[in-house]
Amino acid sequence: MNEDLTRIAEARKAWEEGPLQEALKRYPYVQPDTCRFYTPLDVKDFSFLEKVGFPGEYPFTAGAFPVEPLAGMAKFAAMATKGGLPAAMGQTRAATYSGYGTPENTRDYYKGLLDRGGRAGPNLAFDLPTQCGYDSDDPLVEGEVGKVGVCVDTLRDFEIIYEPYQGDLDLDNIASNFTINAPADIIIAMYFALAEKRGIPLNKLRATPQNDILKEYIARGTYIFPPAPALRLFRDSLVFIAKNVPNMNITSIGGYHIREAGATREQDLAFSMAIAVAYLQAGVDAGLQVDEFAPRFTFNAFGGSMEILKEIAFQRAARRMYARILKERFGAKDPRSMRIRQPIGVHIGPSSTTLQRPLNNLTRAVIGAVAAALSGSTPVPFPPYDEPLGLGWSMEALQLAQDAGRIITCESKLLEYTDPFAGSYCMEALTDEIENAATAEFEKIEKMGGAVAAIENGYMQKEISRSAYEKRKRIENGETLVVGVNCFTGEQELEVTTNRLVAHPYDPEKRERAEEEQKRKLAELKRTRDSNQVARLLKELENQARNEEQNLIPILIECAKAYVTEGEMCNVLREVFGEYQPVSFL
């Protein structure tokens, strides 16, 4: 083998000094880093079993599972006439990430989905006041209620949203998603309280709360409390779910939100792993064995660029890096603890879409979905093409995205081959490069004391801000080309549009009326509930919050059942924990 490498090295040197150099002189606009060619010299220490292995087995490089379930979907496609889908396929037509206006508006949206054959549970987008722990009647959030998601103040709002989900679609037969972080424990408690009111045991519930608060400090910004007490709240939900709700996921970590904030893929991977380690350690420090809870961790879809070979390598590197951390650092023995579960694989990320010539976003999303199929995961063309055009996706955009995924699955048959780039000199080298760079960044954070310390000192925020600035600068100076934005923008280019076939699912007039309607209902609820019970429970919440060893989920459930508002609960916790003040690094 050494003799082969020596001969290859000599041959490559001759090629670089001869044919390659001559070609670069002939085409001076071509740079060496834009025409890379990989050889065995780039993967000198490659060991298939150590670096790749088999799909669904450690180190999970080739895939989290032995097969992609959608690979067999084509056999059912013929049954999908006139909406007559099998249950597994019908679920893909139900609730995507959604929610707007009042709970009644969102209830009616979900009812419409169910009337059209959907079967999946809510995938709730909350408005900013709810995400930041404020009630709809708080003067601080005037003008924001119901604007970018549904407003939820009390358990009563949950009761309304879930009205369409009864009978064979009751809470024990559906899965729900909650994109909420800082007040995640409160929303989780409302869900548990709703189940108790319906007589459904907690061990029958299936749900995924995002519950990833550390990412909020460096990416989305919907934080409330300082990182340390926020991590305590995460610990409380982790422990309670692990012990009482075995079919519920605990968290959906990081992923593309960090990337959307401006992080490079290597930073995204490093920061997501550092945050995951903080959460895993919280569970271990609470006295649990890692295999008791790690299988209930999920990730929120790594992805975020059009560079599809690097994005494929990113997926492979992420799976391998996480598996090694679980096995080598935490001593996990259950393979389920070591695998990354995420709803979709490679995707381009909303920040790769453009307001200009938006139909081009469909092409972009399809490229991302093809990359997902080639990376050993589920191909989902995401986001729909009208992502940059406003709140909520049109039914036309959803249909095109859905059909694109069906074409990839049923016609291209890419899913018949798992991780087809395994063993490729190029792909294995790229996977190593990304993992090595992410590991170096991860180790830097570990030396600081971990994710919480790197947030408190502002390191991760500063690095993401720098990367975001550099990315934007490359677009503005034309170094990074974006079709229709900084190139191919002449007058002869056509602005192609689609016809609107059905009304947009989010009624803008209802959204505008949402705030006043919600305030009126909230005032009535406060007037009719048991105020003495509310005061007693808030005092008990304060007492328990001051005890670091106390798990707050049970008292939060009791608060929810008494229709204590989210804002009232958060205000008590603000008094105990304080509020986070962002680090200034200007």
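Residues numbered from 1 in each chain as written. Predicted model: local features only at pLDDT ≥ 70, side-chain atom pairs only at ≥ 80, totals over all residues. Heavy atoms only, no water.

A. View of the overall build of the protein. In terms of helices and strands, the protein carries 24 helices and 5 strands. In terms of its C-alpha atoms, the protein occupies a principal-axis envelope of roughly 85 × 55 × 50 Å. Counting the 586 residues in the protein, one finds 54% classified as buried. The long-range share in the protein, meaning contacts at least 24 apart out of those at least 6 apart in sequence, stands at 76%. Accessible surface computed for the protein: about 26,200 Å², of which carbon and sulfur atoms make up 52%. (Helix = DSSP H or I, 4+ residues; strand = E, 2+ residues; numbered from the N terminus. Buried < 20%, exposed > 50% of the residue type's maximum accessible area, 1.4 Å probe, protein only. Contact = heavy atoms within 4.5 Å. Areas by Shrake-Rupley, 256 points an atom, 1.4 Å probe, with all protein chains shown as cover.)

B. The packing of aromatic side chains, seen in detail. For the coordinates displayed, the defined rule picks out 25 aromatic pairs. Each ring, one from tyrosine 223 and one from tyrosine 580, has its centre 4.8 Å from the other, and the planes form 80°; the classification is edge-to-face. Highlighted residues: tyrosine 223 in the loop between helix 9 (213-218) and helix 10 (227-244) and tyrosine 580 in the segment after helix 24 (566-577), separated in sequence by 357 residues. Considering the side-chain rings of tyrosine 256 and phenylalanine 382, the 6.0 Å spacing of their centres and the 70° angle between planes classify their relative orientation as edge-to-face. Of this pair, tyrosine 256 sits in helix 11 (residues 256-260) while phenylalanine 382 is found in the loop between helix 16 (360-374) and helix 17 (395-412), placing the two residues 126 residues apart along the sequence. Summarising the burial analysis for this pair, tyrosine 256 and phenylalanine 382 share the class buried. Among the aromatic residues, those joined into a ring-pair cluster are Tyr100, Tyr109, Tyr110, Phe158, Tyr162, Tyr165, Phe178, Tyr191 and Tyr506. Sitting over the face of the ring of tyrosine 134, arginine 574 holds its NZ or CZ atom 4.5 Å from the ring centroid. (Phe/Tyr/Trp six-rings, centres within 6.5 Å; stacked < 30°, edge-to-face > 60°. Lys NZ or Arg CZ within 6 Å of the ring centre and 35° of its normal.)

C. Representation of the pattern of salt bridges within the structure. Summed over the entire model, instances satisfying the criterion amount to 46 salt bridges. Among the salt bridges present, the one from arginine 7 reaches aspartate 4, with a minimum N-O distance of 3.7 Å. One end of the pair, arginine 7, and the other, aspartate 4, are both in helix 1 (residues 2-26), 3 residues apart, so they sit about a helical turn from each other. Look at aspartate 4 and you get partly exposed, because its relative accessible area is 38%. A salt bridge links glutamate 435 to arginine 324; the nearest nitrogen and oxygen atoms lie 3.0 Å apart. A residue pair is termed long-range when its members are at least 10 positions apart, and glutamate 435 in helix 18 (residues 425-448) and arginine 324 in helix 14 (residues 308-329) qualify at 111 residues. (Salt bridge = Lys/Arg side-chain N within 4 Å of Asp/Glu carboxyl O.)

D. View of the confidence of the model for the protein. In this model, the protein carries an average pLDDT of 93, and 96% of its residues clear a pLDDT of 70 or more. This model gives residues 81-94 a pLDDT under 50, and the stretch forms 24 contacts once residues within four places in sequence are excluded. (pLDDT = per-residue confidence, 0-100.)

E. Region of the structure containing the nonpolar core. With 132 residues, the main nonpolar core has Phe158, Phe192 and Leu214 as its most contacted residues. When residues in this core are grouped by element, the largest group, 12 residues, is from helix 12 (residues 265-285). Setting aside chain neighbours within four positions, we find phenylalanine 192 in contact with Leu202, Leu205, Phe240, Ile241, Val245, Met248, Ile553 and Ile557. Ile344, Phe382, Trp393 and Leu398 belong to the second-largest nonpolar core, a separate cluster that totals 6 residues. (Core = buried A, V, L, I, M, F, W, Y, C linked by side-chain atoms within 4.5 Å.)

F. Fine view of helix 12. Compared with the 30 Å implied by 1.5 Å per residue over 21 residues, the 30 Å span of helix 12 between its first and last C-alpha is a close match. One or two positions beyond helix 12, positive phi appears at glycine 287, with a value near 100°. (Expected span 1.5 Å × (residues − 1).)

G. Examining the packing of helix 8 (residues 184-197) against helix 23 (residues 553-561) more closely. Close contact between helix 8 and helix 23 brings their axes to 8 Å; oriented N to C, the two are set at 65°. Crossing of helix 8 against helix 23: the hand is right-handed. Residues Asp185, Ile186, Ala189, Met190, Phe192, Ala193 and Glu196 of helix 8 form the contact with helix 23, whose own contacting residues are Ile553, Leu556, Ile557, Ala560 and Lys561. Across the contact of helix 8 with helix 23, the residue classes tally to 9 nonpolar, no polar and 3 charged. (Axes fitted to C-alpha atoms, helices over the stretch in contact; angles between N-to-C directions. Left-handed = near helix turned anticlockwise from the far one by under 90°. Nonpolar A, V, L, I, M, F, W, Y, C, P; charged D, E, K, R; others polar.)

H. How the structure looks around the pairing of strand 2 (residues 175-179). Here strand 1 (residues 123-125) runs beside strand 2; their pairing, made up of 3 bridges, is parallel. Opposite alanine 125, over in strand 2, you have threonine 179 as the bridge partner. Judged from the 4 bridges that link them, strand 2 and strand 3 (residues 206-209) form a sheet pairing that is parallel. Considered in strand 3, the bridge of serine 176 is made with alanine 207. Traced from strand 2 through helix 8 to strand 3, the parallel crossover comes out right-handed. (Pairing = 2+ DSSP bridges. Right-handed = clockwise from strand over helix to strand, strands pointing away.)

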